[in-house]
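Listed below, chain by chain, are the residues.
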Amino acid sequence: MLFFIALPSIPALIDSNWGQESAGIVTSNGASPPTYTTLKGMGLVSVAFPAEALLKLRYSNLGIGHTRYSTTGNSELQNCQPFVVDTLHGKIAVAHNGELINAQALRKKVMRHGVGLSTSSDSELITQLLALTPPMEEVDAPNWVARIKNLMTETPTSYSLLMMHKDVIYAVRDPYGNRPLCIGRLVPISKLHSPGAGEEDTEGWVVSSESCSFQSIGAKYYREVLPGEIVQISKHGIKSLSVVSRPGGDPPAFCIFEYVYFARPDSIFEGQMVYTVRQRCGRQLAIEAPTDADVVSTVPESATPAALGYAQQSGLPYIEVLCKNRYVGRTFIQPNTRLRQLGVAKKFGALTDNFAGKRVVLIDDSIVRGNTISPIIRLLKEAGATEVHIRVASPPIRFPCYMGINIPTKEELIANKPEFQDIAGYIGADSVQYLTVEGLVSAVQEGIDFIQEKDKMITSSNKPGRRVGHCTACLTGKYPVELEW
């Protein structure tokens, strides 16, 4: 799921790395009152937005967009974001990434105010909560910061969101920072790769769940939106309006699974590149789970950095054993098991000459349900591998995520099935070992740059550095907040 905005013009690109089910864009001409233009469709961006449809956006100068894979709400057009509603002070458009931990209670609260909900999406719920007038607001003067703070009071996590009103966009992360959000600057193409591009070269601003989307539209990474921060973006530039604290002095809880699987390797989180973190995971895995083997390889492509790290640490040669069909989507985020299994069958081919007669250590980034890895092992052995040892660059996933990742039940998870006691035999491998939770956290936090001076500039804080913390609930069952149902 990826947010995208731009000023002063709307480049026609949204990355589908996260969402494969539907996509939407809402743009504004920034006038008073503004004219909103909405495009929505099912499927990948290339399907949802044909070129002729994008021409409708050419008179807009700001907008928000969204690609979706469902964690709550059905996979249908009515749940496609962004949502647009009328308020006392004009229309607002909202796009949201995450899942509210107290959604049911909030739905009842909104309905008690006489507000009907037309979808099952958390995102519509957020939109309606922002439309409600908070107690401290004057009748004729909308206070959007107060409304956003009121939302944070009502629900502490999990969300990153964009809200557009007239000619202003607000970029927001929940106080725990569970879902990512970052800011980029549109710059002249001639200065895109130049370290000397200053703020005077800024031609517009963009916001995205992942920084990897910036370069393809001519933007440079600027910084992350901090946990609890409300950032205003307008024709006058960007301004940090407030940073809302976490209750009880809790640490941040950025989703550690972003590093493991979800993010593209060239994205930047917490001052470090995802690729580098995955390499460190691979090196740590080689220390914790060495193997007698001839070659190291990977389940492409998200596990490739970890496999290279494992090879470097172990001294074994790295080779490719699988050829990936690049025209097949990501199997984990297909909406049901049958589609995931069919995806595996047409996703890989064996590079037999590279490994026939050899013992292979195959590195995977994660094993969630176990649907993908077993046919891959079978494919390699049928193609001539004498042994296939699986090493997983993350710990076993044992608990469901209630904060925006599609792992809805314990029963789906391979780590909770009786077969896990002999997981190697169950999936057909010669051995299976996982990275420990401690090893993963160590690999992730080792490279985090505290960026003390930047934090001081943004938050006016004299603290020695921002706190570091990650949500490992899917691995440990320790959720960062109390769940409400």
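Just so you know, these numbers come straight off a predicted model, no measurement behind them.

Reading the values: the criteria
Residues numbered from 1 in each chain as written. Predicted model: local features only at pLDDT ≥ 70, side-chain atom pairs only at ≥ 80, totals over all residues. Heavy atoms only, no water. Helix = DSSP H or I, 4+ residues; strand = E, 2+ residues; numbered from the N terminus. Buried < 20%, exposed > 50% of the residue type's maximum accessible area, 1.4 Å probe, protein only. Contact = heavy atoms within 4.5 Å. Pairing = 2+ DSSP bridges. Right-handed = clockwise from strand over helix to strand, strands pointing away. Salt bridge = Lys/Arg side-chain N within 4 Å of Asp/Glu carboxyl O. pLDDT = per-residue confidence, 0-100. Axes fitted to C-alpha atoms, helices over the stretch in contact; angles between N-to-C directions. Phe/Tyr/Trp six-rings, centres within 6.5 Å; stacked < 30°, edge-to-face > 60°. Core = buried A, V, L, I, M, F, W, Y, C linked by side-chain atoms within 4.5 Å. Parallel < 35°, antiparallel > 145°, perpendicular 65-115°, else oblique. Left-handed = near helix turned anticlockwise from the far one by under 90°. Nonpolar A, V, L, I, M, F, W, Y, C, P; charged D, E, K, R; others polar.

Student: What am I meant to see in the overall build of the protein here?
Tutor: When you go through the protein residue by residue, the secondary structure sums to 14 helices and 22 strands. Residue burial in the protein is summarised as follows: out of 485 residues, 56% are buried. Within the protein, contacts between residues at least 6 apart in sequence are counted, and of these 69% link residues at least 24 apart.

Student: What am I meant to see in the pairing of strand β20 (residues 387-392) here?
Tutor: Side chains on a regular strand alternate between the two faces of the sheet. Most of β20 is tucked away: five of the six residues are buried. Relative to β20, strand β19 (residues 359-364) runs parallel, the two sharing six bridges. Note that in β20 the partner of Ile-363 across the bridge is Arg-391. For the handedness criterion, the β-α-β arrangement of β19, helix α10 (residues 373-382) and β20 is classed as right-handed. In this structure, β20 lies alongside strand β21 (residues 431-434), joined through four bridges in parallel fashion. Pairing of Ile-390 across the sheet is with Val-432, part of β21.

Student: Please clarify how the pattern of salt bridges should be interpreted in this entry.
Tutor: Taken as a whole and judged by the stated rule, the model has eight salt bridges. Among the ionic pairs, Asp-201 bridges to Lys-191, the shortest N-O distance being 2.9 Å. Linking Asp-201 in the loop between β8 (182-186) and β9 (204-208) with Lys-191 in the loop between β8 and β9, this pair joins segments that are 10 residues apart in sequence. Among the ionic pairs, Arg-223 bridges to Glu-229, the shortest N-O distance being 2.9 Å.

Student: Please explain the confidence of the model for the protein as it appears in this structure.
Tutor: Note: predicted coordinates in regions of low pLDDT should not be interpreted at a detailed level. Model confidence for the protein is summarised by a mean pLDDT of 85, while 85% of its residues fall at 70 or above. Predicted confidence for residues 6-17 stays below pLDDT 50, and this span has 55 contacts to residues more than four positions away or in other chains. Every residue in residues 450-464 is under pLDDT 50, and counting partners more than four places away or in other chains gives 21 contacts.

Student: Looking at this structure, how should I read the side chain of Ser-22?
Tutor: If you trace the backbone, Ser-22 turns up in strand β1 (residues 22-28). Ignoring anything within four residues of it in the chain, the contact list for Ser-22 reads Gly-41, Met-42, Gly-43, His-66, Thr-67, Arg-68 and Cys-80.

Student: Can you walk me through the sheet that holds β20 in this structure?
Tutor: Across a sheet, paired strands are connected by hydrogen bonds in the backbone, their directions being either parallel or antiparallel. If you trace the four strands from one edge of the open sheet to the other, you get β16-β19-β20-β21, paired in parallel fashion. Strands with a single pairing partner mark the edges of an open sheet, and in this sheet they are β16 (295-298) and β21. Across this sheet, the average inter-strand angle for adjacent strands is 25 degrees, counted without regard to direction. Packed on one face of the sheet, helix α7 (residues 274-288) meets β19, β20 and β21 and runs near 120 degrees to β21.

Student: I'm lost on the sheet that holds β9 in this one. Help?
Tutor: Here we have three strands laid out as an open sheet, ordered β9-β8-β10, and antiparallel in their pairing. Lying at the two open borders of the sheet, with one neighbouring strand each, are β9 and β10 (219-224). Mean inter-strand twist for the sheet, computed between neighbouring axes without regard to direction, equals 30 degrees. The pairing of β8 with β9 spans five bridges and is classified as antiparallel. Looking across to β9, one finds that Leu-186 is bridged to Gly-204.

Student: Would you mind showing me how to read unusual backbone geometry here?
Tutor: Leaving glycine aside, a negative phi is the common case for residues, and trans is the common case for peptide bonds. With an omega of 0 degrees, the peptide bond running from Ser-32 to Pro-33 counts as cis. When you line up the elements, Pro-33 lands in the loop between β1 and β2 (36-42). Geometrically, the link from Gln-81 to Pro-82 is a cis peptide bond, its omega value of -5 degrees lying close to zero. Along the chain, the position of Pro-82 falls in the loop between β3 (62-68) and β4 (83-87). With a phi angle near 55 degrees, Lys-166 is a residue other than glycine that sits in the positive phi range. Take Lys-166: it is sitting in the loop between β6 (159-165) and β7 (168-173). For Lys-166, a relative accessible area of 32% puts it in the partly exposed group.

Student: What's the story with the side chain of Thr-127 in this structure? I'm lost.
Tutor: Looking at where Thr-127 falls in the secondary structure, it is placed in helix α4 (residues 122-131). For Thr-127, the residues in contact, after removing those within four places along its chain, are Phe-83, Val-85, Ile-92 and Val-94.

Student: Looking at this model, I keep getting lost on the packing of aromatic side chains. Mind explaining?
Tutor: Each aromatic ring pair is summarised here by two numbers: the centre-to-centre distance and the angle between the ring planes. Within this structure, the stated rule accounts for nine aromatic pairs. Ring geometry for Phe-254 against Phe-269: centres 5.1 Å apart, planes inclined by 65 degrees, an arrangement best described as edge-to-face. A residue pair is termed long-range when its members are at least 10 positions apart, and Phe-254 in strand β13 (residues 254-255) and Phe-269 in strand β14 (residues 268-269) qualify at 15 residues. Within the aromatic cluster, the residues linked to one another by ring pairs are Phe-254, Tyr-259 and Phe-269.

Student: Sorry, what's going on with the nonpolar core here?
Tutor: Soluble, globular proteins show a tendency: their nonpolar side chains are buried together. The biggest cluster of nonpolar side chains holds 46 residues, and the ones touching the most others in it are Phe-257, Val-296, Ile-363, Ile-397 and Leu-440. Residue assignment for this core shows that the elements contributing at least two residues are β13, α6 (257-262), α7, α8 (304-314), β19, α12 (437-445) and α14 (473-476). Residues within four places of Leu-440 in sequence aside, it is in contact with Ile-256, Val-260, Cys-281, Pro-395, Leu-435 and Leu-475. Judged by nonpolar contacts, the second largest core, of 28 residues, contains Ile-367, Leu-380, Ala-383 and Ala-424.

Student: Where do I start with the packing of helix α3 (residues 103-112) against α4 in this structure?
Tutor: The packing of two helices is summarised by the inter-axis angle and the distance between the axes. Packing of α3 against α4 leaves a shortest axis separation of 10 Å and a crossing angle of 45 degrees. With respect to each other, α3 and α4 are oriented oblique. Crossing of α3 against α4: the hand is left-handed. Residues Ala-103, Leu-106, Arg-107 and Val-110 of α3 form the contact with α4, whose participating residues are Asp-122, Leu-125, Gln-128 and Leu-129. Residues belonging to the contact of α3 with α4 are distributed by class as follows: five nonpolar, one polar and two charged.

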